[in-house]
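Chain by chain, the residues run as shown.
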Amino acid sequence: MILTGALTHGAKGIGQIFYYATPIMMTGLSVGFAFKTGLFNIGASGQFIVGAFASVYIGITMSALGQVHWLVAVLGSLIAGGLWALLPGILKAYANVNEVISCIMMNYIGMYAVNSLVKENPILFDQAKNQSYSVAQSAVLPKLGLDQLFAGSSINSGFLIAILAVIIIHILLNKTVFGFELKAVGLNHEASKYAGVNEKRNIVLSMVIAGALAGLGGGLLYLAGSGKHIEVLEVLADEGFTGMSVALLGLSNPIGILVAALFIAYITEGGFYLQLFDFAPEIIDIIIAVIIYFSALSLLFQHLITRITTRKIIKDNSKEEITS
């Protein structure tokens, strides 16, 4: 049922898969991009909610912007997420502070700061529901006909924006000098420095770009017009941690992350139908966790086999040199 549940609902089920994949594709891209450049961005959760807050704030208070309202809100989420990752990047580059520690701290600071900013602002806070108000209709992402193609689903142009982000990051990492420098710093920052690369600047820019991607994911989710609101709860955004799973399954490759996000969204959407058979909702998380564990173990086995093979080749070559 978990494998066929989404597809049995036809276009609606497929549209929901694309909708669920959009935010985790962005957080997965954030984590994967940072990892490609030698950084572990565990702060995607904080960057995600800060970006979401920026988009919601703009979406509620700046309705006078008219037709460009949604675009400004999306850009706001992008900028807010990038700025939130700036401090961990500076600390890593100039003080060698482990980015994992600083990002974890920024996650909680972001969560509590957003809760406070929403709760203390009557323009944003719906006290009866303990959540933010809905954004203005002009801030909702346009459907671009996708709602007709996938009738009954929550899909919107956010999915296309996420696909565009995947393409841009793929080109940036693999087809540009800047991307080569970022990866070079990640592999060996001392060697990069010797080669004339400004490793400090690239570390900061890497974190800012990763944060911007996660923040954009928050904006795409909360501007979707699907009834999603910022709830004032002391809970970190799940999308940030799911993004780590997506990056792992996708091997930090942008195209792999796209496929992994669709796969996890497919499992999530199909898993909802298990509740018809009295399964607890948590079964979805358990199944995804098992898949991720097996994926991690496969990488471990691959690494061990490579090491054993390499040692055998070195040993055989040494024997041949001694014999000759």
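Residues numbered from 1 in each chain as written. Predicted model: local features only at pLDDT ≥ 70, side-chain atom pairs only at ≥ 80, totals over all residues. Heavy atoms only, no water.

### A closer look at the overall build of the protein chain
Secondary structure summary: the protein chain contains 13 helices and two strands in total. Relative to the globule expectation of 20 Å for 324 residues, the C-alpha radius of gyration of the protein chain, 22 Å, shows essentially globular dimensions. Oriented by its inertia axes, the alpha-carbon framework of the protein chain measures out at about 80 × 50 × 35 Å. When burial is assessed residue by residue, the protein chain has 47% of its 324 residues classed as buried. Excluding contacts between residues fewer than 6 apart, the proportion of contacts in the protein chain whose partners are at least 24 apart in sequence is 76%. Here the protein chain displays about 16,400 Å² of accessible surface, and carbon together with sulfur accounts for 66% of that area. (Helix = DSSP H or I, 4+ residues; strand = E, 2+ residues; numbered from the N terminus. Rg over C-alpha atoms; globule rule 2.2 N^0.38 Å. Buried < 20%, exposed > 50% of the residue type's maximum accessible area, 1.4 Å probe, protein only. Contact = heavy atoms within 4.5 Å. Areas by Shrake-Rupley, 256 points an atom, 1.4 Å probe, with all protein chains shown as cover.)

### Concerning the pattern of salt bridges
Throughout the structure, instances matching the rule amount to three salt bridges. Where Arg201 meets Glu181, a salt bridge forms, and the shortest distance between an N and an O atom there is 3.4 Å. One end of the pair, Arg201, is in helix H10 (residues 199–222); the other, Glu181, is in helix H8 (residues 177–187), and 20 residues separate them in sequence. Its relative accessible area of 40% is what places Arg201 among the partly exposed residues. The salt bridge partner of Lys200 is Glu199, with a shortest N-O separation of 3.4 Å. On the basis of relative accessibility, which here comes to 28%, the residue Lys200 falls in the partly exposed class. Residue Glu199 is classed as buried on the basis of its relative accessible area, which comes to 9%. (Salt bridge = Lys/Arg side-chain N within 4 Å of Asp/Glu carboxyl O.)

### What about the packing of helix H7 (residues 158–175) against H10?
Two elements in contact, H7 and H10, have axes separated by 10 Å at closest approach and are oriented at 170 degrees. What the angle tells us is that H7 and H10 run roughly antiparallel. Residues Gly158, Ile161, Ala162, Ala165, Ile169 and Leu172 of H7 touch H10, and the partners they reach there are Ile209, Leu213, Leu216 and Leu220. Across the contact of H7 with H10, the residue classes tally to nine nonpolar, one polar and no charged. (Axes fitted to C-alpha atoms, helices over the stretch in contact; angles between N-to-C directions. Parallel < 35°, antiparallel > 145°, perpendicular 65-115°, else oblique. Nonpolar A, V, L, I, M, F, W, Y, C, P; charged D, E, K, R; others polar.)

### Focus: a nonpolar patch on the surface
A contiguous nonpolar surface patch, about 880 Å² in accessible area, is contributed by Ile286, Val290, Phe294, Leu297, Leu300, Phe301, Leu304, Ile305 and Ile308. When you line up the elements, Leu297 lands in helix H13 (residues 283–323). With relative accessibility at 38%, the residue Leu297 sits in the partly exposed group. (Patch = residues over 30% accessible without salt bridge, like charges linked within 9 Å, V, L, I, M, F, W, Y side chains within 5 Å.)

### Some details on the nonpolar core
Ranked by internal contacts, the top residues of the largest apolar core, which has 81 residues, are Met25, Met26, Leu29, Phe33, Tyr222 and Ile230. The residues contacting Tyr222, other than those within four sequence positions of it, are Phe48, Ile49, Ala52, Ser55, Val56, Val135, Lys228, His229 and Ile230. (Core = buried A, V, L, I, M, F, W, Y, C linked by side-chain atoms within 4.5 Å.)

### With respect to H7
With 18 residues, H7 ought to run about 26 Å at 1.5 Å a step, and its terminal C-alpha atoms sit 25 Å apart, in line with that. Taken residue by residue, H7 has Gly158, Phe159, Ala162, Ala165, Val166, Ile169, Leu172 and Leu173 as its buried positions. Burial along H7 is one-sided: seen end-on, the buried residues are contained in an arc of 145 degrees. Along its buried surface, H7 packs onto helix H1 (10–36), H8, H10 and helix H12 (254–272). (Expected span 1.5 Å × (residues − 1). Arc of directions from axis to C-beta.)

### Some remarks on the packing of aromatic side chains
If you walk through the whole model with that rule in mind, you get five aromatic pairs. Where Phe18 meets Phe150, the ring centres are 5.5 Å apart and the plane angle is 90 degrees; that geometry is what we call edge-to-face. Placement of the pair is Phe18 in helix H1 and Phe150 in the loop between helix H6 (146–149) and H7, with a sequence separation of 132 residues. Pair check on accessibility: Phe18 and Phe150 agree, each one buried. Members of the aromatic cluster, connected to one another through ring pairs, are Phe18, Phe150 and Phe159. (Phe/Tyr/Trp six-rings, centres within 6.5 Å; stacked < 30°, edge-to-face > 60°.)

### Section: helix H11 (residues 238–249)
Over its twelve residues, H11 extends 17 Å from the first C-alpha to the last, a length consistent with the 16 Å expected when each residue adds 1.5 Å. Along H11, the residues classified as buried are Glu239, Gly240, Gly243, Met244, Ser245, Val246 and Ala247. Two residues or fewer past H11, Leu251 is found with a positive phi of approximately 55 degrees.

### What about the side chain of Asp126?
Within the secondary structure, Asp126 sits in strand E1 (residues 125–126). It turns out Asp126 is buried and unbridged, and the closest side chain with the opposite charge, Lys129, is 4.6 Å from it. For Asp126, the contacting residues outside a window of four places in its chain are Gln131, Ser132 and Tyr133. (Lys, Arg positive; Asp, Glu negative; His and termini not counted.)

Distances and angles like these do not, on their own, reveal function.
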